[in-house]
Amino acid sequence: MRFATIGTSWICSTFIKAAITTERYSLEAVYSRKLETAEAFAKKHQVTKVYTDLTEMAKSDEFEVVYIASPNSCHFEQAVLFLQQGTHV
């Protein structure tokens, strides 16, 4: 499955490495509030697509699954946004 991530922390990097190890997932996009952070994280994980707008990201058809690694207080709102677009969370 093609997946994307919200967040750029060490836990997100750990998840990416584990997901790719299964050979069932490919990382397609990353999100961060800051473009510079998103670009650096994407480069580290060899991804070209970055987002700084969650609504735009949620409308994308470039991935089927999103991993949410933002602060816990953001999870509900972000999960609902992606679920409403038919993306697995």
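Here, every reference points to the structure presented above.
Reference entry: report on the structure contained in this document. (Residues numbered from 1 in each chain as written. Predicted model: local features only at pLDDT ≥ 70, side-chain atom pairs only at ≥ 80, totals over all residues. Heavy atoms only, no water.)

1. Topic: the sheet that holds strand 4 (residues 65-68)
Strands pair in a sheet through their backbones, by hydrogen bonds, and they do so in one of two ways: parallel or antiparallel. Operational definition: Being paired, for any two strands, means DSSP has found at least two bridges between them. Numbering of helices and strands runs from the N terminus, with a helix taken as a DSSP run of H or I at least four residues long and a strand as a DSSP run of E at least two residues long. Inter-axis angles, ranging from 0 to 180 degrees, are taken between N-to-C directions of lines fitted to C-alpha atoms, where helices are fitted over the stretch in contact. Throughout, a residue-residue contact means that at least one pair of heavy atoms, one from each residue, lies within 4.5 Å.
Overall, parallel pairing links the four strands, which are arranged 3-2-1-4 in an open sheet. Looking at which strands have only one partner, the edges of the open sheet turn out to be strand 3 (49-51) and strand 4. Along the sheet, successive strands turn relative to each other by an average axial angle of 30°, direction set aside. Bridge analysis of strand 1 (residues 2-6) against strand 2 (residues 26-31) gives five bridges, and the strand direction is parallel. Bridge pairing links Arg2 to Ser26 in strand 2. Strand contacts of helix 2 (residues 35-44): strand 1, strand 2 and strand 3, with the helix running at about 150° to strand 3, the strand carrying the most contacts. Contacts from helix 4 (residues 75-84) reach strand 1 and strand 4, with the element oriented near 175° to strand 4.

2. Quick word on the pattern of salt bridges
As a reminder of what qualifies: Salt bridge, as applied in this entry: a Lys or Arg side-chain nitrogen positioned within 4 Å of an Asp or Glu carboxyl oxygen. Exposure categories follow from relative accessible area, calculated using a 1.4 Å probe and restricted to protein chains: below 20% of the type maximum is buried, above 50% is exposed, and the middle band is partly exposed.
Tallied over the entire structure, the rule returns one salt bridge. Here Arg2 ties to Glu64 by a salt bridge, and the two come within 3.0 Å at their closest N and O atoms. Highlighted residues: Arg2 in strand 1 and Glu64 in the loop between helix 3 (54-58) and strand 4, separated in sequence by 62 residues. Judged by its relative accessible area of 28%, Glu64 falls in the partly exposed class.

3. Details of the pairing of strand 2
Selection rule: A crossover counts as right-handed when, viewed with the strands pointing away from the observer, the path leading from the first strand over the helix to the second turns clockwise.
At this point the chain moves from strand 1, through helix 1 (residues 10-21), to the parallel strand 2, and the crossover so formed is right-handed. Inspection of the sheet shows strand 2 paired to strand 3 by three bridges, in the parallel sense. Within strand 3, the position partnered with Tyr31 by the bridge is Tyr51. Between strand 2 and its parallel partner strand 3, the chain crosses via helix 2, and the hand of that crossover is right-handed.

4. Remarks on the state of the cysteines
Here is the rule we go by: The rule for a disulfide is simple: a pair of cysteine sulfur atoms within 2.5 Å.
Under the counting rule described, the total for this entry stands at zero disulfides. The structure places no disulfide on Cys12, whose sulfur is separated from the nearest cysteine sulfur, that of Cys74, by 14 Å. The class for Cys12 is buried, based on a relative accessible area of 0%. A relative accessible area of 29% means that Cys74 is categorised as partly exposed.

5. Section: the side chain of Ser13
Looking at where Ser13 falls in the secondary structure, it is placed in helix 1. Apart from residues lying up to four places away in sequence, Ser13 is in contact with Phe41, Lys44 and His45.

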